[in-house]
Amino acid sequence: QLQASGGGLVQAGDSLRLSCVASGRTFSSYVMGWFRQAPGKEREFVAAITRNGGYIEYADSVKGRFTISRENAKNTVYLQMNSLKPEDTAVYSCAASTQPTIYRGQYLYNYWGQGTQVTVSS
């Protein structure tokens, strides 16, 4: 089970940090990802991190502004979001994948959190 939190209403240029806590003892065996879905749009890949944190990928739209990290001892993955823009407004969800490396396709993620709303006003 994945529980995401940290969303909210902020102004453009502000920062937020999302957290996603996983239950269970096998967190370190999953590739973890963040996805987002804006109203009327398809869910899209945001960022992902490998099991030991050694490799990370970002969507071009967030590269340089967002940072994904994980603490396996705390069963937690984070998404630090800086310089937020109105177009970042979406429901952000964390997901866990049993794949051996990062894939951007949502269908390769096995477990999903419930999502947390991020709203960025201009």
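A few words now on the nonpolar core. Grouped together as the largest cluster of nonpolar side chains are 37 residues, with contacts concentrated most on Trp-34, Leu-79, Met-81 and Tyr-92. At the level of elements, strand 1 (2-5), strand 3 (16-22), strand 4 (31-37), strand 5 (44-49), strand 7 (66-71), strand 8 (76-81), strand 9 (90-97) and strand 11 (116-121) are the ones that each hand at least two residues to this core.

In space, the 4 strands of this open sheet follow the order 1-3-8-7, with antiparallel pairing throughout. For this open sheet the edge positions go to strand 1 and strand 7, each flanked by a neighbour on one side alone. Mean inter-strand twist for the sheet, computed between neighbouring axes without regard to direction, equals 15 degrees. Relative to strand 8, strand 3 runs antiparallel, the two sharing 6 bridges. Within strand 8, the residue paired with Val-21 across the bridge is Thr-76.

What follows deals with the pairing of strand 7. Looking along a regular strand, one sees side chains alternate from face to face of the sheet. With burial as the criterion, only one face of strand 7 is covered, namely that bearing Phe-66, Ile-68 and Arg-70; the residues Thr-67, Ser-69 and Glu-71 on the opposite face remain uncovered. Where strand 7 lies against strand 8, 6 bridges are found, and the strand directions are antiparallel. Each residue of the ladder has a partner; that of Glu-71, found in strand 8, is Thr-76. Hairpin connection between strand 7 and strand 8: a loop of 4 residues separates the two successive antiparallel strands, and Asn-75 in this loop has a positive phi of roughly 55 degrees.

Here we come to unusual backbone geometry. Positioned with a positive phi, Asn-75 is a non-glycine residue whose angle comes to about 55 degrees. Position of Asn-75 relative to the elements: it lies in the loop between strand 7 and strand 8. Residue Asn-75 is classed as buried on the basis of its relative accessible area, which comes to 16%. Of note in the backbone geometry, Ser-83 takes a positive phi value of approximately 50 degrees without being a glycine. Inspection of the secondary structure puts Ser-83 in the loop between strand 8 and strand 9.

Going through the model one piece at a time under the given rule, you end up with 6 salt bridges. Arg-36 is paired through a salt bridge with Glu-44; the nearest N and O atoms lie 2.6 Å apart. Residue classification places Arg-36 among the buried residues on the basis of a relative accessible area of 5%. Given the relative accessible area of 35%, Glu-44 is considered partly exposed. In this structure, Arg-65 and Asp-88 form a salt bridge, with 2.7 Å as the shortest nitrogen-oxygen distance. Pair noted here: Arg-65 is in the loop between strand 6 (56-58) and strand 7 and Asp-88 is in the loop between strand 8 and strand 9, with a separation of 23 residues, a long-range link.

Definitions and cut-offs
- Residues numbered from 1 in each chain as written.
- Predicted model: local features only at pLDDT ≥ 70, side-chain atom pairs only at ≥ 80, totals over all residues.
- Heavy atoms only, no water.
- Core = buried A, V, L, I, M, F, W, Y, C linked by side-chain atoms within 4.5 Å.
- Buried < 20%, exposed > 50% of the residue type's maximum accessible area, 1.4 Å probe, protein only.
- Helix = DSSP H or I, 4+ residues; strand = E, 2+ residues; numbered from the N terminus.
- Pairing = 2+ DSSP bridges.
- Axes fitted to C-alpha atoms, helices over the stretch in contact; angles between N-to-C directions.
- Salt bridge = Lys/Arg side-chain N within 4 Å of Asp/Glu carboxyl O.

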